[in-house]
Amino acid sequence: MDTELNSIKKELDQELKILSNKKIADGVYEMKLQGDTSLITAPGQFINIKLPGFYLRRPISICDYDEKGLTIIYKVVGHGTDYLSTLGADTAIMSLMGLGNGFDVDSCGGHVLLVGGGVGTPPMYGLAKALFAAGKKVSVVLGFNSASDVFYKDEFEKLGASHKDLFGGVYVATVDGSEGTKGFVTDCLKEIDGITDYCACGPIPMLKALFGFYGDKIPGQLSFEERMGCGFGACVGCSIKTNSGFKKVCKDGPIFKSTDVII
Ligand code: FES
């Protein structure tokens, strides 16, 4: 069993070179990495980074990627991510690549609402690109605690500006009202008409509130940010309850249909 797992790991483990690593909001960093991205197949997948001296890897969702490299955005929440924030350009790191199922762009209708809560925002960026490329209209809602936590609003607006006919705008909600609408992402939803689907990543209360708002009338794809152990299905560190029993967020997800998960 161990040998089998080690060989899975070896297959997915790749060396990446850090190109840049900069702070973009309170405790939040954007890291650009160069390396082989051929194992990444869909927006919403994640990588699992090995840090020297740390037993557990750090799973981080992919913000954007092309054939030469990828961008990740992470929040410093403990020793591992704090260490990651100190790494400079040209440092090499090892990471398991292309993990998880990713969002299903083809199943989306003509107007997709993307909802990112805090560090659930990054995968929405790559997804927006993929939806625009597929000719679908995209509206974006981002939720943060405060203005100092807001990131990537301008990046989404820039992306939208190059797809004017397909762009429904970016809405921001902050809990303390210091930027955008005061409150939660759900406080922006009434302003956005005609959506066919929604895709979201963020804390469970946010995902729950979205499902509460749209119910089963509008299909949703929800990405879960569970704490993970192995990151590729070999432990039970990330189970979630669904209509067909417990599923592993890292292997069966992180994205599940809104009507399949029990939250
Ligand atoms: Fe080990 Fe998901 S993290 S099974």
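Structure: see above.
A quick note: this is a predicted structure, and the numbers were derived from the prediction, not measured.

Draft legend 1. The nonpolar core, seen in detail. Grouped together as the largest cluster of nonpolar side chains are 31 residues, with contacts concentrated most on Leu113, Val115, Val141, Tyr198, Leu210, Tyr214 and Phe224. Only strand S6 (92-99), strand S7 (111-117), strand S11 (197-201) and helix H5 (204-214) provide two or more residues apiece to this core. Among residues more than four places away in sequence, those in contact with tyrosine 198 are Leu113, Leu210, Phe211, Tyr214, Ile218, Pro219, Gly220, Gln221, Leu222 and Ser258. With 29 residues, the next largest nonpolar core counts Ala25, Val105, Leu114 and Val140 among its residues.

Draft legend 2. Up close: the state of the cysteines. The tally for this structure, following the rule as stated, stands at zero disulfides. Here cysteine 199 stays unpaired: no disulfide links it, and the sulfur of cysteine 108, its closest cysteine neighbor, is 4.3 Å away.

Draft legend 3. Summary view of the packing of aromatic side chains. On inspection of all chains with the given rule, the structure shows ten aromatic pairs. Judged by centre distance (5.5 Å) and plane angle (75 degrees), the rings of tyrosine 125 and phenylalanine 156 are edge-to-face. You can see tyrosine 125 sitting in helix H3 (residues 122-133) and its partner phenylalanine 156 sitting in helix H4 (residues 153-161), a full 31 residues away along the chain. Residue classification places tyrosine 125 among the buried positions, given a relative accessible area of 12%. Centre to centre, the rings of tyrosine 198 and tyrosine 214 are 4.9 Å apart; their planes meet at 35 degrees, and the pair counts as tilted. Of this pair, tyrosine 198 sits in strand S11 while tyrosine 214 sits in helix H5, and the two are 16 residues apart along the sequence. The two residues tyrosine 198 and tyrosine 214 agree in class, both being buried. Three or more aromatic residues joined by ring pairs form one cluster here, namely Tyr125, Phe144, Phe151, Tyr152 and Phe156.

Draft legend 4. Inspection of the sheet that holds strand S10 (residues 181-182) at higher detail. In space, the seven strands of this open sheet follow the order S10-S9-S8-S7-S11-S12-S15, with mixed pairing throughout. Every interior strand has two partners, whereas the edge strands, S10 and strand S15 (255-257), have only one. As paired elements, strand S8 (residues 137-144) and strand S9 (residues 167-174) share six bridges and run parallel to each other. Pairing of glycine 143 across the sheet is with alanine 173, part of S9. Along the sheet, H5 contacts S7, S11 and strand S12 (220-223); its crossing angle with S11, the most-contacted strand, is approximately 165 degrees.

Draft legend 5. Highlighting the sheet that holds strand S2 (residues 28-34). Taken together, six strands build a closed barrel; the order of strands is S1-S2-S5-S4-S3-S6 and the barrel is antiparallel. When the angles between neighbouring strand axes are averaged without regard to direction, this sheet yields 45 degrees. Pairing of strand S4 (residues 58-65) with strand S5 (residues 69-75) involves three bridges; the strand directions are antiparallel. Looking across to S5, one finds that isoleucine 62 is bridged to isoleucine 72. With respect to the sheet, helix H2 (residues 79-86) is in contact with strand S1 (13-25), S2, strand S3 (46-50), S4 and S5, its orientation differing from that of S5 by roughly 130 degrees. The strands touched by H3 within the sheet are S4 and S5, with S4 carrying the most contacts at an inclination of about 30 degrees.

Draft legend 6. Representation of unusual backbone geometry in the model. Cis geometry marks the peptide bond from glycine 253 to proline 254; its omega dihedral reads 15 degrees. Here the phi dihedral of aspartate 90 falls at roughly 80 degrees; this positive angle occurs in a residue that is not glycine. Counting through the fold element by element, aspartate 90 comes out in the loop between H2 and S6. What makes aspartate 90 exposed here is its relative accessible area of 59%. A positive phi angle is found at tyrosine 152, which is not glycine, with a value near 70 degrees. Looking at the element boundaries, tyrosine 152 is found in the loop between S8 and H4. Overall, the relative accessible area of 7% leaves tyrosine 152 in the buried class.

Criteria and thresholds
Residues numbered from 1 in each chain as written. Predicted model: local features only at pLDDT ≥ 70, side-chain atom pairs only at ≥ 80, totals over all residues. Heavy atoms only, no water. Core = buried A, V, L, I, M, F, W, Y, C linked by side-chain atoms within 4.5 Å. Buried < 20%, exposed > 50% of the residue type's maximum accessible area, 1.4 Å probe, protein only. Helix = DSSP H or I, 4+ residues; strand = E, 2+ residues; numbered from the N terminus. Contact = heavy atoms within 4.5 Å. Disulfide = S-S within 2.5 Å. Phe/Tyr/Trp six-rings, centres within 6.5 Å; stacked < 30°, edge-to-face > 60°. Pairing = 2+ DSSP bridges. Axes fitted to C-alpha atoms, helices over the stretch in contact; angles between N-to-C directions.

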